[in-house]
Amino acid sequence: FQNSSSFPPNERFYLFGPNGILANISILNDGAPIFVSFPHFLYGDNSLKTDVVGLSPDEEKHQMFIDIEPTLGTTMEEHARTQINTRLFKGKDWGVRKYKHWFKDVQDKTFVPIFWFDMIAEISDDGVRDFKQLYIADDAVLILEIVGMVSLVLSSFGVVGILCCRKFG
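Let us look at the structure shown here. (Residues numbered from 1 in each chain as written. Predicted model: local features only at pLDDT ≥ 70, side-chain atom pairs only at ≥ 80, totals over all residues. Heavy atoms only, no water.)

1. Here's the deal with the packing of aromatic side chains
Considering all chains together, one arrives at three aromatic pairs under this definition. Their ring planes at 80° and their centres at 5.6 Å tell us that Phe-38 and Tyr-43 sit as a pair that is edge-to-face. By relative accessible area, Phe-38 is classed as buried at 6%. (Phe/Tyr/Trp six-rings, centres within 6.5 Å; stacked < 30°, edge-to-face > 60°. Buried < 20%, exposed > 50% of the residue type's maximum accessible area, 1.4 Å probe, protein only.)

In structure tokens:
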């Protein structure tokens, strides 16, 4: 989440602004200044948060969250929280005519949130049922492996016993 000044390899992602801007997608939108961040500029530089009134970053509400079951690697729940921002540049015609009161208090080159969203994915009841079956299958494989090892050990003892009986018998 660092800019290219703090972490030079991020230069390939066009991250030249403050820390906290996750992606500069301007190149995808014909140069429109569109940037991606966490909601309320969570984990971003203080300048991002102080330039806009009303932001209150909260990890509980604004961080990304993915719950992955470690054995099978299945996603149980996911919250992909993202904010879309624009950047306002004061040009020579800024503030003329009837719109001059719109942005009178905005600093030049301010990142302004447009909206943020929480894309939620949770495992369904059918998914839970399938997941339980996978666990049962995983347990069955483990049981078969144990039975196979025990059978191999017992067979080895049997072969050793037969060989000893023939040699000494």
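That shown, we press on.
2. Quick notes on the environment of Asn-19
Relative to the assigned elements, Asn-19 resides in the segment before β1 (21-24). Look at Asn-19 and you get buried, because its relative accessible area is 17%. Along the primary structure Asn-19 and Phe-7 are separated by twelve residues, whereas in three dimensions their C-alpha atoms are 9.8 Å apart. (Helix = DSSP H or I, 4+ residues; strand = E, 2+ residues; numbered from the N terminus.)

3. Re a nonpolar patch on the surface
On the surface, Leu-142, Ile-146, Val-150, Val-153, Leu-154 and Phe-157 cluster together to form a nonpolar patch covering roughly 590 Å² of accessible area. Relative to the assigned elements, Phe-157 resides in helix α3 (residues 125-168). (Patch = residues over 30% accessible without salt bridge, like charges linked within 9 Å, V, L, I, M, F, W, Y side chains within 5 Å. Areas by Shrake-Rupley, 256 points an atom, 1.4 Å probe, with all protein chains shown as cover. Salt bridge = Lys/Arg side-chain N within 4 Å of Asp/Glu carboxyl O.)

Distances and angles like these do not, on their own, reveal function.
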